[in-house]
Amino acid sequence: MLDTIKKIGVLTSGGDSPGMNAAVRSVVRACAFHNIECIGIYRGYEGMIDGDFIAMDARSVKGIINKGGTILKSARSKDFRTVEGRAKAHQELKKAGIDAFVVIGGDGSFTGAMIFNQEFNFPVMGIPGTIDNDIYGTTHTLGYDTALNTVVDAIDKIRDTASSHNRLFFVEVMGRDVGHIALNAGIAGGAEEILIPEEDLGLDRLVESLRRSKKSGKSSSIVVVAEGDKIGKSVFELKDFVDQNMEGYDVRVSVLGHMQRGGSPSCFDRVLASRMGVKAVESLIGGKSNFMVGLKNDVIDLTPFDQAVKGKSKINMELLRVSDIMTT
Ligand code: F6P
């Protein structure tokens, strides 16, 4: 155990996700367990630059494991992308006697931490927190499981209207660059088609598939569309195309939006957050730095930041095949 790490900072950065509070709780309590001081850093790297810090002990994080969002607040900091911004952040950390920090966020937040580590040789550790699940080095990011459950619940509800009115619904879900949410929630919600950025189905094939399903006796349908899907310019364009090229379908669009990012974290996300927080703190005091904590084959493991940032989180192609078979 390193005796140079006596005070650890913790921050949440980038888009919030359910489970971030559970991870903050875990970092704070793991520090308390190992007799290390813990400092909460507000508003991500913005707060680091401003020296917006708060001392946290085991009791500061009571009653937050079940809360969505982040009590530390989050931000996407433009200033931290500058040399001056990072120098100011370093000054503030030193002033507060902070020896290392844990950042809970996505790949942008890890890139910032990695550069900071290179510039100041400052010990850093990352915990992946984003609903998109788009980070290499972990099968699950914090918030992904909760978001999936939220989306499936929404699809189930939309299906009530779809089947009552014989309608076709395009349901847009989050996923700027990857289709993990769309693919998994689409299968679980019994979607007719799932449109993801990783696979370009094309408008004609979409219409063909919808015609086939109508012919096979289906009177209503749900098509789940990841927001990063490239097939149309937007989900509304898809609706217009189907309106113009298919008869007999009453088409509606439902964009789920930010409701997918909120809410109480699932059991899975709470346990994952607890495990990741402990691993992050124990890795730092064990002398490790510049890694992201991740889940691989149910083992909490470390991936170097540069790999986590550069690597691609891949869609499970088997799921695409299963989805095709399920729509028979
Ligand atoms: O958290 C990731 C994400 O949910 C993306 O899927 C989405 O494009 C983005 O956040 C939107 O975030 P914001 O509204 O905070 O810019």
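Residue indices begin from 1 for each chain and proceed along its sequence in written order. Side-chain atom pairs in this predicted model are given and counted only at pLDDT of 80 or more, local residue features only at pLDDT of at least 70, and totals for whole chains, interfaces and linings cover all residues. Hydrogens and water molecules were not included; the side-chain quantities draw on all heavy atoms of the structure.

### Structural notes on the packing of aromatic side chains
Here is step 1 of the chain: Only Phe, Tyr and Trp rings are paired, with Trp represented by its six-membered ring, and only when their centres lie within 6.5 Å; those with planes under 30 degrees apart are stacked, over 60 edge-to-face, the remainder tilted. All told, the structure shown has 8 aromatic pairs when counted by the stated rule.
Here is step 2 of the chain: Through pairs of rings, three or more aromatic residues link up here, namely Tyr 45, Phe 80, Phe 101, Phe 116, Phe 120 and Phe 122.
Here is step 3 of the chain: When the NZ atom of lysine or the CZ atom of arginine is within 6 Å of a ring's centre and also within 35 degrees of its normal, the charge is said to sit over that ring. One Lys or Arg, Lys 214, reaches over the ring of Tyr 249 and ends 4.4 Å from the middle of that ring.

### Focus on the site of the ligand
Here is step 1 of the chain: Surveying the vicinity of the ligand reveals the residues Arg 76, Thr 130, Ile 131, Asp 132, Met 174, Gly 175, Arg 176, Glu 227, His 258 and Arg 261.
Here is step 2 of the chain: Side-chain atoms alone can form a polar contact between residues adjacent in sequence; in general such a contact is a pair of N or O atoms within 3.5 Å, and within protein one must be able to donate a hydrogen while the other accepts it. Arg 76 has a polar side-chain atom sitting 3.0 Å from an oxygen atom of the ligand.
Here is step 3 of the chain: Glu 227 has a polar side-chain atom sitting 2.6 Å from an oxygen atom of the ligand.
Here is step 4 of the chain: Out of a free accessible area of 400 Å², the ligand has 78% covered by protein chains.
Here is step 5 of the chain: Its residues assigned to classes, the shell around the ligand shows 2 nonpolar, 3 polar and 5 charged. Residues are counted as near a molecule or strand when any one of their heavy atoms sits within 4 Å of it. Calculation of accessible area relied on Shrake-Rupley with a 1.4 Å probe; when residues are assessed, cover is drawn exclusively from the protein chains displayed. Gly falls in the polar group here, along with every residue not listed as nonpolar (Ala, Val, Leu, Ile, Met, Phe, Trp, Tyr, Cys, Pro) or charged (Asp, Glu, Lys, Arg).

### Focus on the sheet that holds strand β3 (residues 53–56)
Here is step 1 of the chain: When DSSP finds at least two bridges between two strands, those strands are taken to pair. Here a helix means four or more residues in a row that DSSP labels H or I, a strand means two or more in a row labelled E, and each is numbered from the N terminus. With respect to topology, 7 strands assemble into an open sheet ordered β3-β2-β1-β4-β5-β10-β11, the strand pairing being mixed. For this open sheet the edge positions go to β3 and β11 (299–304), each flanked by a neighbour on one side alone. Across the sheet, the mean angle separating the axes of adjacent strands is 30 degrees when strand polarity is ignored.
Here is step 2 of the chain: Bridge count for strand β10 (residues 291–296) against β11 is 6 bridges, and the pairing is antiparallel. Bridge pairing in β11 links Val 293 to Leu 302.
Here is step 3 of the chain: In what follows, residue pairs with any heavy atoms lying within 4.5 Å of each other are defined as contacts. An axis is simply a line fitted to the C-alpha atoms; with a helix, the fit covers only the stretch in contact. Between two such axes, the angle follows the N-to-C directions and lies from 0 to 180 degrees. Running at roughly 160 degrees to strand β4 (residues 100–105), helix α1 (residues 20–33) makes contact with β1 (7–12), β2 (37–41), β3, β4 and β5 (124–128) of the sheet.
Here is step 4 of the chain: The sheet strands contacting helix α4 (residues 107–120) are β4, β5 and β10, and the helix crosses β4 at an angle near 160 degrees.

### With respect to the state of the cysteines
Note: disulfide means a covalent bond formed between the sulfur atoms of two cysteine side chains.
Here is step 1 of the chain: In plain terms, two cysteine sulfur atoms within 2.5 Å form what is called a disulfide here. Taken as a whole, this structure holds 0 disulfides when the rule is applied.
Here is step 2 of the chain: Of the cysteine sulfurs around Cys 38, a residue in no disulfide, the closest is that of Cys 31, at 4.0 Å.

### Quick notes on the packing of helix α6 (residues 180–188) against helix α11 (residues 317–326)
Here is step 1 of the chain: One way to put it is that α6 packs onto α11 with a least axis distance of 10 Å and a crossing angle of 35 degrees. Pair α6 / α11 crosses with left-handed handedness. Contacts between α6 and α11 involve Leu 183, Asn 184 and Ile 187 from the first element and Leu 319, Leu 320 and Ser 323 from the second.
Here is step 2 of the chain: Considering only residue class, the contact of α6 with α11 consists of 4 nonpolar, 2 polar and no charged. Handedness of a crossing follows from how the near helix is turned relative to the far one, being left-handed for an anticlockwise turn of less than a right angle and right-handed for a clockwise one.

### Some words on the domain arrangement of the protein
Here is step 1 of the chain: One can read the domain layout of the protein as domain 1 (7–143 + 265–310) and domain 2 (144–261).
Here is step 2 of the chain: On the side of domain 2, 14 residues touch domain 1, which itself brings 18 residues to the contact.
Here is step 3 of the chain: Across the interface of domain 1 and domain 2, roughly 1200 Å² is buried in total on both sides, 50% from carbon and sulfur atoms.
Here is step 4 of the chain: Area buried by domain 1 at its contact with domain 2 is led by Ile 131, Asp 132 and Asn 133, which between them contribute 43% of it.
Here is step 5 of the chain: Between Lys or Arg on one side and Asp or Glu on the other, a salt bridge is scored when a side-chain nitrogen of the former is within 4 Å of a carboxyl oxygen of the latter. Where domain 1 packs against domain 2, one counts 1 salt bridge.
Here is step 6 of the chain: For the salt bridge of Asp 16 with Arg 261, the shortest nitrogen-to-oxygen distance reads 3.0 Å.
Here is step 7 of the chain: One can count 8 residue pairs in polar contact (both at pLDDT 80 or more) joining domain 1 with domain 2. Where each domain starts and ends comes from a domain assignment, either automatic or drawn from a database. A simple way to read buried area is as the amount of 1.4 Å-probe accessible surface that goes missing from two parts once joined, with both sides added.

### Details of the side chain of Thr 70
Here is step 1 of the chain: Turning to its location among the elements, Thr 70 is positioned in the loop between β3 and α3 (83–95).
Here is step 2 of the chain: Beyond its immediate stretch of four places on either side in the chain, Thr 70 contacts Thr 12, Asp 16, Met 20 and Asn 21.

### Examining helix α5 (residues 144–164)
Here is step 1 of the chain: Helix length check: α5 (21 residues) gives 30 Å between terminal C-alpha atoms against 30 Å at 1.5 Å per residue, within 8%.
Here is step 2 of the chain: Each residue gets one of three labels from its accessible area relative to the maximum for its type: buried under 20%, exposed over 50%, partly exposed in between, using a 1.4 Å probe on protein chains only. Buried residues of α5: Tyr 144, Asp 145, Thr 146, Ala 147, Leu 148, Thr 150, Val 151, Val 152, Ala 154, Ile 155, Ile 158 and Ala 162, and no others.
Here is step 3 of the chain: Residues of α5 that are buried in the fold lie against β6 (167–173), α6, β8 (221–226), β9 (250–255) and α9 (267–285).
Here is step 4 of the chain: After α5 finishes, the residue Asn 166 shows a positive phi value of roughly 50 degrees. One less than the number of residues in a helix, times 1.5 Å, gives the span that helix is expected to have.

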